[in-house]
Amino acid sequence: MNDLHAAFAAPAREALPRLTPAERRLVEAELREMASRGPGAGRILDGLREVAARVPERLYADSAEVLLRMHEIAGSGNLQSNLSSLALVRACFAHGLVDDGGPGADGAGEGPAELVVGRGHIAPAFYAEHYVRGTLPFAPLATLHQGGLTGVVHRDLGFRTTMRYSLGVGVAQAVSLAWELARGGSDRKVVCLAGDGELHEGAAFEALRFAHDAGLTNLLLVVDANGKGIEPLAKPLNTGYLAAYLGTLAEVDGCDDGAVETALGELLARPGPAALVCRTRKGDHSFKPAGAAPPAPGRPVSFASTAGRMLGAHRERTGSELAVFTPDMAARFGLGGHVPYTNTGLAETLTVGMTLSLPDHVTKVVATDAMYYMDSLSMLTEATTSVRNLLVLAGRSWGAWGGAHNATNLLGLLLHTRVYEPVTAAEFQACLDRLARDPATAHVVSMIDAAFEPPARDCSADIDGGVWLTPPGDGPDAADAADATVVTFGYAGVLVEAANRDVGLPHLHCAALTPRLDPATLDVLTRSRRILSVEYNGAGSGFGERLRARHLLPVEVHAVRRDIATRVHRNQLPLHGMSPGPLRERLARLLENREGSGHAPAYA
C-alpha cells in the first residue's frame with residue numbers, strides 16, 4: 001500500500017517558499033490530487049504515474065534543467081554526477097531498459113534487458129527524465145533529500161535494487177543477476193551502469209573476475225568515465241582489464257546523446273559480454289547554488305572538516321610521524337594544506353590495508369566515510385589485531401546511519417578497539433594522546449559532519465570519563481533535578497546542552513562510547529531515580545544500553561529510531577526528536593512523577 005500524500009505532502013509544502021509561482025501552483029494541484037486518491041495498493045511509482053497522468057502540465061522539457069531545479073530547491077546534492085551520466089540515462093530510456101510501469105514489483109522482465117544502476121547517486125537523473133516524459137509529477141522532485149524523494153536508487157521508485165551504502169556493490173549485484181539468469185538457461189542480458197571511480201573498489205574487481213571465470217556471456221558493463229570521484233582520479237580508467245575480462249570494449253563520447261544511444265543499442269544486439277566506456281565530464285562534486293554567499297567569518301564549520309587542521313596541530317605539537325590514507329574523503333576532513341595524505345580512490349579495503357606494514361611508531365590515520373568501512377571489516381579485523389598506532393576517522397552527517405552508530409555496532413565489536421565521538425578540538429587531541437599511550441588499541445573516532453558551537457566544558461582531561469556540563473544542584477529546581485539525570489554521548493551532548501538551559505537537569509557528557517566513570521560520578525547516577533541517555537548514534541547496542549547493563553542503572557534511552565533515513569542533517573534532528581524543542585520537552589518530562597519508577601523503560 002502507498003499513501004502519496006502522507007509521503008510527499010509535508011516535505012513538498014516545506015519546499016513551497018523555494019519554488020517559482022508556476023511550480024507552486026503545479027505542486028499544490030498535484031498534492032490535491034494525491035489527497036483525493038487516498039492510500040492505494042501497489043508501488044509508490046505506480047501511484048505517482050497516476051498523479052502525473054491526471055495533472056499532465058509540464059513546466060520543463062529538458063531533464064538537465066529539471067535536475068538543476070531539483071538541486072536548487074534541495075540546496076544540496078550531486079548535480080555534476082547526474083549531469084555526467086545524463087546521456088547514459090536517456091539512452092536507457094530510449095532502449096526500454098527503464099521500468100515502464102509494467103507488471104512485476106520491480107519492473108523485471110520488461111524491455112530488452114535487466115538494468116542494475118550501480119552508480120547509485122544518479123537516481124535524480126532518472127527522476128528528471130521520468131518527469132519530462134510525463135511519467136512523474138513535479139511535487140516529489142521538490143522533496144529531493146528532504147524526506148520525500150531519496151537521492152539514491154531504491155526499489156520503490158523503479159529501480160531493480162536499493163543502494164544501501166557501497167557504490168561498488170552494484171557491479172556485484174549485476175554479476176549475481178547475470179549468473180542467476182544464465183544458470184536458469186536464459187540468455188537475457190544484464191546492463192550495469194557504473195562509474196570509473198566506483199570500479200576502484202575491490203568488490204568490482206572481484207565481481208568482474210568471477211564473471212569472466214564463470215563464462216558469463218550476458219553482462220554489459222556501461223561505465224561513466226569522467227576521471228573524478230570526489231577528487232580527480234590519479235590516472236584515467238584502465239580499459240585493458242575490462243577488455244580482458246569482458247572481451248568486447250567500445251568507447252564513445254558520453255556527452256553525445258545520439259552516440260551513446262547508438263553504441264548501447266549495438267552492444268545490446270550483439271551476443272556475448274561487453275563493456276561500453278562513455279567518456280564524460282564532471283564538475284565540482286557538491287552542489288553549490290549560483291551566487292551563494294561564502295560562509296560568514298566566525299561562523300561554525302563542520303567539525304569533521306577541521307580534522308586536517310587538528311591532525312596538523314598534533315604533528316607540530318608532538319613531532320609524530322603521520323601516514324594518512326583516505327578513499328576520496330580528503331575534502332570531508334579538510335586534509336588539504338594541513339597534512340600530507342594518500343588518496344586510494346574509493347578503495348576502502350585497500351585504504352585500511354595500506355596501514356598493515358608501516359613501522360610501529362608511525363601514526364596511521366584512515367579517514368573514511370562511516371559507511372565505507374563496512375566494506376573493509378575483514379581488513380579492519382586484521383588491522384585491529386596487528387597494527388599499532390591506528391586511528392580510524394569515521395565521518396558522517398547523519399546519526400541514523402554512519403558515524404558512531406556504525407562504530408558502535410560494528411567497529412566496537414572488533415578486538416582491541418575503543419570508540420570515541422569528540423566534539424571539541426581538545427577532545428580530539430585527547431584521543432590522539434590516548435592512542436600514543438595505548439598504541440596496541442585501535443582508536444575509532446566518529447567525526448560529526450555538522451557545524452556547531454562546542455560545549456563550554458569537555459572530557460579532554462579524562463577522555464574515557466565524563467564531565468558535568470550542568471553539575472548536580474546547578475539547575476533552577478535543584479531538589480527535583482537531583483532526582484533525575486541526563487547522560488549524553490558525543491554530539492548529543494551539544495544538542496542536549498542547548499535544550500537543557502531552561503530545564504537545568506544534571507547533564508553528564510561523555511566522549512567515549514564505553515566510559516569509565518569515577519566513583520563520585522557513579523554515586524550521583526546511582527542515586528538518580530531516573531536517568532535519560534540521549535545519543536545520536538542509534539539505540540541498538542549503543543551507549544545507553546551499555547550503561548544500563550554495566551552499572552545496573554535505571555537508564556532510559558532516547559535515540560535514533562530508524563536506521564537508514566535519507567534526510568539532510570537539519571531534517572534528521574526533528575525526525576528523531578533531537579532538535580531543541582522536542583528535546584526540551586523530553587527533558588522536562590523526566591522530572592514528572594511516575595508510578596513504578598523502579599522499572600525504567602529501555603526506550604523512552
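Above this text is the structure in question.
Definitions and limits used
Every chain begins its residue count from 1, and numbering advances along the sequence as written. The predicted nature of this model means local features are confined to residues of pLDDT at least 70 and side-chain atom pairs, given and counted, to a pLDDT of 80 or more, with totals for whole chains, interfaces and linings taken over all residues. Excluded from the side-chain calculation are hydrogens and water; included are all heavy atoms of the structure. Salt bridge, as used here, is a side-chain nitrogen of Lys or Arg placed within 4 Å of a carboxyl oxygen of Asp or Glu. Numbering of helices and strands runs from the N terminus; a helix is a DSSP stretch of H or I covering at least four residues, while a strand is a stretch of E covering at least two. Think of it in three bands: residues with accessible area under 20% of the maximum for their type are buried, residues over 50% are exposed, and the middle band is partly exposed, with areas taken using a 1.4 Å probe on protein chains only. Two strands pair under a simple rule: DSSP has to find at least two bridges between them. With axes taken as lines fitted to C-alpha atoms, and helix axes fitted only over the stretch in contact, angles between N-to-C directions fall between 0 and 180 degrees. Here a residue-residue contact requires only that any non-hydrogen atoms of the pair lie within 4.5 Å.

Describing the pattern of salt bridges
Under the criterion given, the structure shown has 27 salt bridges. Among the salt bridges present, the one from arginine 69 reaches glutamate 72, with a minimum N-O distance of 2.7 Å. Of the two residues, arginine 69 and glutamate 72 both sit in helix H4 (residues 63-74), three residues apart, roughly one turn of that helix. The exposure class assigned to arginine 69 is buried, which follows from its relative accessible area of 12%. Given a relative accessible area of 32%, glutamate 72 falls into the partly exposed group. Residue glutamate 129 is joined to arginine 90 by a salt bridge in which the shortest nitrogen-to-oxygen separation is 3.7 Å. Residue glutamate 129 is located in helix H7 (residues 123-132), and its partner arginine 90 is located in helix H6 (residues 86-94); the two are separated by 39 residues in the primary sequence. Three or more residues joined by partner-sharing salt bridges are found here, namely Asp62, Arg90, Glu129, Arg133 and Asp257.

Structural notes on the pairing of strand E13 (residues 484-489)
Both faces of the sheet carry side chains from a regular strand, because those side chains alternate between them. Burial within E13 is extensive, with six of its six residues counted as buried. In E13, alternate side chains face the same way, and those of Ala484, Val486 and Thr488 on one face and Thr485, Val487 and Phe489 on the other are all buried. With six bridges joining them, E13 and strand E15 (residues 530-535) adopt parallel strand pairing. Within the sheet, the bridge partner assigned to phenylalanine 489 lies in E15 and is glutamate 535. One ladder, built from four bridges, connects E13 with strand E14 (residues 507-510); its direction is parallel.

Focus: the sheet that holds strand E16 (residues 555-559)
Pairing within the open sheet is mixed, and its five strands lie in the order E12-E14-E13-E15-E16. Two strands lie at the open edges of the sheet, namely strand E12 (467-470) and E16, each paired on one side alone. Along the sheet, successive strands turn relative to each other by an average axial angle of 30 degrees, direction set aside. Against the sheet, helix H20 (residues 519-526) touches E12, E13, E14 and E15, its axis set at about 50 degrees to E12. Sheet strands touched by helix H23 (residues 580-589): E13, E15 and E16. Its angle to E15, the strand with the most contacts, is close to 160 degrees.

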